[in-house]
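Coordinates in review
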Amino acid sequence: MVKDTDRLATELCGIRLDNPVIPASGTFGYGYEFAELYDINILGSLSFKGTTKEPRFGNPTPRIADCPSGMLNSVGLQNPGIDRVISEELPKLRAVFRKPVMANVSGFSPEDYAYSCEKLGRETQIGWLEVNISCPNVHGGGMAFGTTPEGAAEITRAVKAVTGKPVIMKLTPNVTDIVSVALACEEAGADGISLINTLFGMRIDLRTRRPVLANTFGGLSGPAVLPVALRAVWQVSHAVKIPVVGMGGISSASDVIEMMMAGASAVEVGAANLVDPFACKKIIEDLPSVMDRYGINTLEELGKWEKM
Amino acid sequence: MKEVIFEILENRRITPGGIFRTELAGDTSDIARPGQFVGLKLDGLYLRRPVSVCDAAPGRLTLIWRVVGAGTRQMSEMRPGERLSALSGLGNGFDAEVSGDRPLLVGGGVGVPPLYYLAKKLREAGKDTAVVLGFATASEAILAREFAGLGCDVTVTTVDGTAGTRGFVTDALPAGRTYFYSCGPEAMMKALNGALGIPGEFSLEERMGCGFGACMGCSRMTVSGSKRVCRDGPVFRKEELIW
Ligand SMILES: Cc1cc2nc3c(=O)[nH]c(=O)nc-3n(C[C@H](O)[C@H](O)[C@H](O)COP(=O)(O)OP(=O)(O)OC[C@H]3O[C@@H](n4cnc5c(N)ncnc54)[C@H](O)[C@@H]3O)c2cc1C
Ligand SMILES: Cc1cc2nc3c(=O)[nH]c(=O)nc-3n(C[C@H](O)[C@H](O)[C@H](O)COP(=O)(O)O)c2cc1C
Ligand code: FES
């Protein structure tokens, strides 16, 4: 029998993960709120809140709406800006988390992305750069680059030129052909793909007859999007050779296994953390017994078996 | 903060307009201050619903809330014996230590409940506590007798004049108070901010994703930058707020 620790281990762009579970950007802050609740070193890694060159307040409130089996958010990349992330947030995170961290980066031009990735790439704490070209909540940036193969390739090249750290391009499902965008990233030198970001949506308040979100539209995530995410991860992982990080609606250990069967090498857990702050801890603890139930010896073999 | 599974002891409508009072049994050890809230997980709804602590004692929690939508409608059907998952001890709460000798509490509508637990703490500390409560109409007036029972000096205002002073809380503010605490509709608190010359604090409301600081859903700009209403608040000192 393989030890539990080895059964869950996986690898992402040459960096070993004790397990494939990574809290998704925007749902875990910079980690330290959760570190008050449990030892977050049990996580595979964590992807911190989307960071931009300048500080951002984000969109007006309300910017959250409840949905059947999920939620909408139109936060709009609120973050203190790259300089304060490096000077204030990363040291605080370092105090509670000793593994390589995934730096989630966004921007409004190729130069913005390059600027932030170069700076964050120099931080020893950072294991991977997760480049968000898929945020539906900002204008003139974010998703604008992720909706065409050309735009995605342009950002990939800009970032690859300035950092030696593995670059993971985070894709939006709000496109006609996600495979062509993923292939363009791979050709431009990306080391991995992560997907999916949120699905563009809205809700209307029957009393006021107005959109619930001040920004009208937002991004849908949570269990409602799991089937869409599985489909996108399956399509992309069967088309590219670089590793894929799967996310969208994962809330349980069996969701993790399903996502890895779709071809993901690791997974991210987003909205589930907001409803249950212990979600990632519970998922990691549940993995061995759920693997037993389905006769899965190691998670790593699962990914390889699917890719054959 | 921790997740607590409470047992419902009693769930009862207390006004014709749909205000309910829920008595719960369970671990309240994470509730450290009045003005904190709990995040309730309701069947079939994804996000938790924030509700303020109206009263707490070891093993006992009281919530008072109004039916406004799907979640609270579902809460109106909760029966004794049923279980309810709550994230307990959320938010910073009121600072009862800074009240001075003659605090003033000003509440409106379902903003009144969190002031009850605060009044209890202030009375325990022997403070001469005045309370001004604003409601739409007499039948929606809640907790006035309970505040009086704590030994507070209570003034009620109603917009239609069916109970107490006709008008708004700002029409009935007592003089000679050392510090104020307020929770209610934003328009009421904004008017109060202009009307009261003494220092104090306001409890704000914002639509929440998580309730514990992880999602940045509830941000509000203050004089010291952006703050999360759920974690840096919901209570903010008067001078921090921009109206
Ligand atoms: C810190 C805090 C303490 C609160 N304490 C009380 C209380 O003691 N008593 C009480 O009656 N109400 C309280 N509220 C308001 C209460 O949270 C909402 O009325 C409730 O969430 C509505 O849920 P619903 O599903 O019935 O309504 P919905 O149909 O979802 O929405 C109706 C309205 O409720 C508000 N609302 C909905 N969801 C949320 C959310 N997740 N966060 C904040 N507001 C929301 C919105 O203004 C919305 O327009 C508090 C809110 C906050 C933020
Ligand atoms: C409140 C919130 C904020 C988010 N912020 C970011 C962000 O800053 N950068 C990013 O790449 N993705 C962001 N996302 C998207 C998530 O990382 C994830 O891709 C998406 O929510 C799907 O996963 P889930 O269904 O598990 O939530 C955010 C999601 C939520 C719910
Ligand atoms: S509700 Fe999530 S940060 Fe306040």
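Note on numbering: residues in each chain are counted from 1, in written sequence order. Key to labels: chains lettered from A, ligands numbered from 1, both in the order written. In view of the model being predicted, local features appear only for residues whose pLDDT reaches at least 70, and side-chain atom pairs are presented and counted only at 80 or more, with totals across whole chains, interfaces and linings using the full set of residues. Note that water and hydrogens are dropped before the side-chain values are worked out from all heavy atoms of the structure.

**A short note on the site of ligand 1**
Basically, it comes down to this: Residues are labelled near a given molecule or strand when at least one of their non-hydrogen atoms is within 4 Å of it. Whenever two N or O atoms come within 3.5 Å, that pair is a polar contact, provided that in protein one can donate a hydrogen and the other can accept it, and provided that, for residues adjacent in sequence, both atoms are side-chain atoms. Each accessible area value is a Shrake-Rupley result obtained with a 1.4 Å probe; residue values ignore everything except the protein chains displayed when judging cover. Only DSSP runs of H or I covering at least 4 residues are called helices, and only runs of E covering at least 2 are called strands; the numbering of each starts at the N terminus. Residues were grouped as follows: Ala, Val, Leu, Ile, Met, Phe, Trp, Tyr, Cys and Pro as nonpolar; Asp, Glu, Lys and Arg as charged; and all remaining residues, including Gly, as polar.
As a structural note, the neighbourhood of ligand 1 is formed by 21 residues, with Arg49(B), Pro50(B), Gly71(B), Thr72(B) and Arg207(B) the closest of them. The environment around ligand 1 is built from residues contributed by chains A and B. One nitrogen or oxygen atom from the main chain of Gly69(B) is found 3.0 Å from an oxygen atom belonging to ligand 1. In the model, an oxygen atom of ligand 1 is placed 2.4 Å from a nitrogen or oxygen of the Thr72(B) side chain. Protein contacts shield 85% of the accessible area of ligand 1, which totals 850 Å² for the unbound molecule. The set of elements that each furnish at least two residues to the shell around ligand 1 consists of β4 (49–52), β6 (60–66) and α1 (70–75) of chain B. Of the residues contributing to the shell around ligand 1, the split by class is nine nonpolar, four polar and eight charged.

**Some points on the pairing of strand β9 (residues 130–135) of chain B**
Residues and elements named next belong to chain B. Formally: Three labels apply to residues, based on accessible area from a 1.4 Å probe with only protein chains included: buried if under 20% of the type maximum, exposed if over 50%, partly exposed otherwise in between. The rule for pairing is simple: two strands pair if DSSP sees at least two bridges between them.
Judged by how many residues are buried, β9 sits mostly within the fold: six of six residues are covered. Burial along β9 is two-sided: the residues Ala 130, Val 132 and Gly 134 and Val 131, Leu 133 and Phe 135 are all buried. Where strand β8 (residues 103–108) lies against β9, five bridges are found, and the strand directions are parallel. Across the sheet, the residue bridging to Val 106 is Val 132, located in β9.

**What about the interface of chain B and chain A?**
The condition that has to hold: For this analysis, residues touch if any pair of their heavy atoms sits within 4.5 Å. A 1.4 Å probe defines the accessible area here, and the buried area is the portion of it lost by two parts on being joined, summed over both. What counts as a salt bridge is simple: a side-chain nitrogen of Lys or Arg found within 4 Å of a carboxyl oxygen of Asp or Glu.
If you look at the interface, chain B gives 28 residues, while chain A gives 33 residues. Summed over both sides, the interface between chain B and chain A buries roughly 2400 Å², with carbon and sulfur atoms accounting for 59% of that surface. Put simply, chain B and chain A have four salt bridges between them. For the salt bridge of Arg49(B) with Asp66(A), the shortest nitrogen-to-oxygen distance reads 2.9 Å. The interface formed by chain B and chain A contains 13 residue pairs in polar contact (both at pLDDT 80 or more). With three residues, strand β14 (residues 219–222) of chain B is the largest single contributor of residues to the side of chain B that touches chain A. Here the residues of the side of chain B that touches chain A sort into 13 nonpolar, six polar and nine charged.

**Thoughts on the sheet that holds strand β12 (residues 179–183) of chain B**
Residues and elements named next belong to chain B. Applicable threshold: To get an axis, fit a line to the C-alpha atoms, keeping to the stretch in contact for a helix; angles then go from 0 to 180 degrees between the N-to-C directions.
Spatially, β11-β10-β9-β8-β12-β13-β16 is the arrangement adopted by the seven strands of the open sheet, whose pairing is mixed. Looking at which strands have only one partner, the edges of the open sheet turn out to be β11 (165–166) and β16 (235–237). Of the pairings in the sheet, the one linking strand β10 (residues 153–158) to β11 comprises two bridges and is parallel in character. Residue pairing across strands places Thr 157 opposite Thr 165, the latter belonging to β11. Along the sheet, helix α2 (residues 113–124) makes contact with β8 and β12, crossing β8 at roughly 165 degrees. Sheet contacts for helix α4 (residues 186–195): β8, β12 and β13 (200–203); angle to β12, the most-contacted strand, approximately 165 degrees.

**Focus: the sheet that holds strand β13 (residues 218–221) of chain A**
Residue and element names in this part refer to chain A. Spatially, β4-β5-β13-β10 is the arrangement adopted by the four strands of the open sheet, whose pairing is antiparallel. Where the open sheet ends on each side, the last strands, each with one partner, are β4 (64–67) and β10 (199–201). Strand-to-strand twist across the sheet, computed as the mean angle between neighbouring axes with direction ignored, equals 35 degrees. Looking at chain direction, β10 and β13 are connected through three bridges and run antiparallel.

**Observations concerning the site of ligand 2**
The environment of ligand 2 is made up of 23 residues, and the closest members are Ser25(A), Lys170(A), Gly222(A), Gly249(A) and Ala271(A). Bordering ligand 2 are residues originating from chains A and B. At 2.9 Å, a backbone N or O of Gly270(A) approaches an oxygen atom of ligand 2. Take Ala271(A): an N or O atom from its main chain is 2.7 Å from an oxygen atom of ligand 2. Across the complex, the protein chains shield 98% of the 610 Å² of accessible surface that ligand 2 would expose by itself. Classifying every residue of the shell around ligand 2 by side-chain character gives seven nonpolar, 14 polar and two charged.

**Here we look at the domain arrangement of chain B**
Residue and element names in this part refer to chain B. Put simply, the rule reads: Segment limits for the domains were obtained from an automatic or database-derived domain assignment.
For chain B, the domain assignment lists domain 1 (2–90) and domain 2 (96–203). Each of domain 1 and domain 2 was reduced to a C-alpha centroid, and the two centroids are 23 Å apart. Counting residues at the interface gives 19 residues for domain 1, matched by 13 residues for domain 2. One can count two salt bridges joining domain 1 with domain 2. The interface formed by domain 1 and domain 2 includes four residue pairs in polar contact (both at pLDDT 80 or more).

**Points about the environment of Glu23(B)**
Residues and elements named next belong to chain B. With respect to the helices and strands, the residue Glu 23 is situated in strand β2 (residues 19–25). Those residues within four positions of Glu 23 in sequence are excluded, and the remaining contacts are Glu 7, Ile 8, Leu 9, Glu 10, Arg 60, Leu 61 and Thr 62. Polar side-chain contacts of Glu 23 include one of 2.9 Å to the side chain of Arg 21. A polar side-chain atom of Glu 23 sits 2.8 Å from a polar atom in the side chain of Thr 62.

**A few points about the packing of aromatic side chains**
To keep things clear, this is the line we draw: Two rings from Phe, Tyr or Trp (for Trp, the six-membered ring) form a pair when their centres are within 6.5 Å of each other. A pair whose planes differ by under 30 degrees is stacked, one over 60 is edge-to-face, and the rest are tilted. Working rule: Lys NZ or Arg CZ, within 6 Å of ring centre, within 35 degrees of ring normal, means a charge sits over the ring.
Under the definition given, this model contains twelve aromatic pairs over all chains. Ring centres of Tyr116(B) and Phe147(B) lie 5.6 Å apart, and the angle between their planes is 75 degrees; this geometry places the pair in the edge-to-face category. With Tyr116(B) in helix α2 and Phe147(B) in helix α3 (residues 144–149), this residue pair connects regions lying 31 residues apart in the sequence. Each member of the pair Tyr116(B) and Phe147(B) is classed as buried. Here Lys53(A) stacks its cationic end above the ring of Tyr115(A), 4.7 Å away from the centre of that ring. Here the guanidinium or amino end of Arg220(B) rests over the ring plane of Trp243(B), the centre of that ring lying 5.6 Å away.

**So, the pattern of salt bridges**
Two side chains bearing opposite charge may form a pair once their charged atoms approach each other closely. By the definition in use, this model includes 29 salt bridges over all chains. The salt bridge involving Lys2(B) is made with Asp27(B); its shortest N-O contact spans 2.8 Å. With a gap of 25 residues between them, Lys2(B) in strand β1 (residues 2–13) and Asp27(B) in the loop between β2 and β3 (37–41) connect regions that are remote in the sequence. Owing to a relative accessible area of 27%, Lys2(B) belongs among the partly exposed residues under this scheme. Look at the salt bridges and you will find they share partners, linking Asp276(A), Lys282(A), Glu3(B) and Arg48(B) into a network.

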